[in-house]
Amino acid sequence: MKKILFAVGLTIFALQTACADSGRYGDFQSASLSDLKPFARDLGGLLGSGTNQTARVLGFGGFDLSARSVVQFEPESGDGILKKNKPFGLGWVQAEIGMPFRIDGFIKAGSFANLAVTGGGLKYGLTQPQKKIQAMLVASGNMSAHKFFYATTFAASLVFSVNTPVVAPYFGAGMDNTTLVVQNNLNDPTLVGKRIAVFEPRYTAGFRATFLTYGYISGGYTYTHGRSLVNAGLGLRI
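The structure presented is a predicted model; accordingly, all values stated were derived computationally and were not measured.

Criteria and cut-off values
- Residues numbered from 1 in each chain as written.
- Predicted model: local features only at pLDDT ≥ 70, side-chain atom pairs only at ≥ 80, totals over all residues.
- Heavy atoms only, no water.
- Helix = DSSP H or I, 4+ residues; strand = E, 2+ residues; numbered from the N terminus.
- Rg over C-alpha atoms; globule rule 2.2 N^0.38 Å.
- Buried < 20%, exposed > 50% of the residue type's maximum accessible area, 1.4 Å probe, protein only.
- Contact = heavy atoms within 4.5 Å.
- Patch = residues over 30% accessible without salt bridge, like charges linked within 9 Å, V, L, I, M, F, W, Y side chains within 5 Å.
- Areas by Shrake-Rupley, 256 points an atom, 1.4 Å probe, with all protein chains shown as cover.
- Salt bridge = Lys/Arg side-chain N within 4 Å of Asp/Glu carboxyl O.
- Pairing = 2+ DSSP bridges.
- Axes fitted to C-alpha atoms, helices over the stretch in contact; angles between N-to-C directions.
- Phe/Tyr/Trp six-rings, centres within 6.5 Å; stacked < 30°, edge-to-face > 60°.
- Lys NZ or Arg CZ within 6 Å of the ring centre and 35° of its normal.

**Some words on the overall build of the protein chain**
Right, so step 1: Each helix and strand in the protein chain was counted, giving 2 helices and 10 strands.
Right, so step 2: Seen in sequence order, the protein chain has helices and strands lined up from the N terminus as α-α-β-β-β-β-β-β-β-β-β-β.
Right, so step 3: A globule of 238 residues ought to have a C-alpha radius of gyration of about 18 Å, and the protein chain, at 18 Å, matches this closely.
Right, so step 4: Considered along the principal axes of its C-alpha atoms, the protein chain spans approximately 55 × 35 × 25 Å.
Right, so step 5: A total of 238 residues make up the protein chain; the buried ones form 51% of that total.
Right, so step 6: Considering only residue pairs separated by 6 or more positions, the protein chain has 60% of its internal contacts joining residues 24 or more positions apart.

**Overview of a nonpolar patch on the surface**
Right, so step 1: The grouping of Phe-63, Leu-65, Val-93, Ile-97, Met-99, Leu-122, Tyr-214, Leu-236 and Ile-238 at the surface amounts to a nonpolar patch, some 800 Å² of accessible area in total.
Right, so step 2: Elements with a minimum of two residues in the nonpolar patch: strand 1 (63–72) and strand 2 (88–99).
Right, so step 3: Sort the elements by how many residues they give to the nonpolar patch and strand 2 lands first, with 3 residues.
Right, so step 4: Among the secondary structure elements, Met-99 is positioned in strand 2.

**Re the environment of Arg-41**
Right, so step 1: Summarising the element assignment, Arg-41 is placed in helix 2 (residues 33–48).
Right, so step 2: Sequence separation between Arg-41 and Ala-95 is 54 residues; the distance between their C-alpha atoms is 26 Å.
Right, so step 3: Sequence-distant contacts of Arg-41, that is, excluding residues within four places in its chain, are made with Glu-76, Val-198, Glu-200 and His-225.

**As for the pairing of strand 8 (residues 195–211)**
Right, so step 1: The pairing of strand 7 (residues 167–182) with strand 8 spans 15 bridges and is classified as antiparallel. Counterpart to Ala-173 in the pairing with strand 8 is Tyr-203.
Right, so step 2: The pairing of strand 8 with strand 9 (residues 215–224) spans 10 bridges and is antiparallel. By the bridge assignment for strand 9, Tyr-203 is matched with Tyr-223.
Right, so step 3: Connecting the antiparallel pair strand 8 and strand 9 is a turn made up of 3 residues, with Leu-212 showing a positive phi of about 50°.

**Re the sheet that holds strand 5 (residues 133–145)**
Right, so step 1: Read around the barrel, 10 strands follow the order 1-2-3-4-5-6-7-8-9-10 and close on themselves; strand pairing throughout is antiparallel. The mean inter-strand angle of the sheet, taken between neighbouring strand axes irrespective of direction, is 20°.
Right, so step 2: Pairing geometry for strand 9 and strand 10 (residues 227–237), over 10 bridges, is antiparallel. Bridge pairing in strand 10 links Gly-219 to Ala-232.
Right, so step 3: Strands strand 1, strand 2, strand 3 (103–112), strand 4 (115–125), strand 5, strand 6 (149–162), strand 7, strand 8, strand 9 and strand 10 of the sheet are contacted by helix 2, whose axis makes an angle of about 140° with strand 7.

**Focus: the packing of aromatic side chains**
When we look at a pair of aromatic rings, we describe it by the centre distance and by the angle of the planes.
Right, so step 1: Counted by the stated rule, this structure contains 4 aromatic pairs.
Right, so step 2: Note on Phe-28 and Phe-149: the rings are 4.7 Å apart at their centroids and 45° apart in plane angle, and the pair reads as tilted. Highlighted residues: Phe-28 in the loop between helix 1 (2–22) and helix 2 and Phe-149 in strand 6, separated in sequence by 121 residues.
Right, so step 3: Look at Phe-149 and you get buried, because its relative accessible area is 0%.
Right, so step 4: Ring centres 5.2 Å apart and planes at 85° place the aromatic pair Phe-39 and Phe-149 in the edge-to-face group. With Phe-39 in helix 2 and Phe-149 in strand 6, the pair connects residues that are 110 residues apart, well separated along the chain. No difference in accessibility class separates Phe-39 from Phe-149, as the two residues are buried.
Right, so step 5: In textbook terms, an aromatic cluster arises when at least three aromatic residues are bridged by ring pairs, as seen for Phe-28, Phe-39 and Phe-149.
Right, so step 6: The lysine or arginine in question, Lys-108, covers the ring of Trp-92, its NZ or CZ lying 4.3 Å from the ring centre.
Right, so step 7: Its guanidinium or amino end placed over the ring of Phe-106, Lys-123 lies 5.2 Å from that ring's centre, counting from NZ or CZ.

So yeah, pure geometry; function would need other evidence.
Now the structure itself:
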């Protein structure tokens, strides 16, 4: 288990380093009109991913606190803002609380490469917590803000997981509706105020492994708009 924890911790560090090292969101100031939709899809996929690693509700009074990272291996081919064949991503801290009627609420926040991320939403358990197969609906609103742009992503997902001890697999499908707004552009000032909207499906599979009763690690793979993403998390769930 120590080796697994070390591996996941190293993965989170590597993902966060990729986020920080990218420093490429600032290249948005030289974007052209043709770059905007691919960039919005790339950013929307990051904002919509990594929210869930189980479909089992916390239960009333339950609590979950975790650090999470999501990285896309390379930008979409039409995205001339982010560097080709280079990974980029986001990282954040997420807190969840269990409420009555199989509802969980959550918020998240983070800042990497001068890009601030905030968000939150609700999770509704379609099954009782003791069931072997768990199902959950997830709805969230997310926002990323940079001095050159900001984007909002409204995401919805249907997630399934297997209620097994120690290691529990999960999989799901969802959709991300992203709106990108240009705030500053040195290459083409006429783009300032331009709004671009994109809508993309998202498919995810991964696992959550528990340790020391309340601790957990998670990892997953996401496919969206023709690109692959990976996510990792380390947290405490009570």
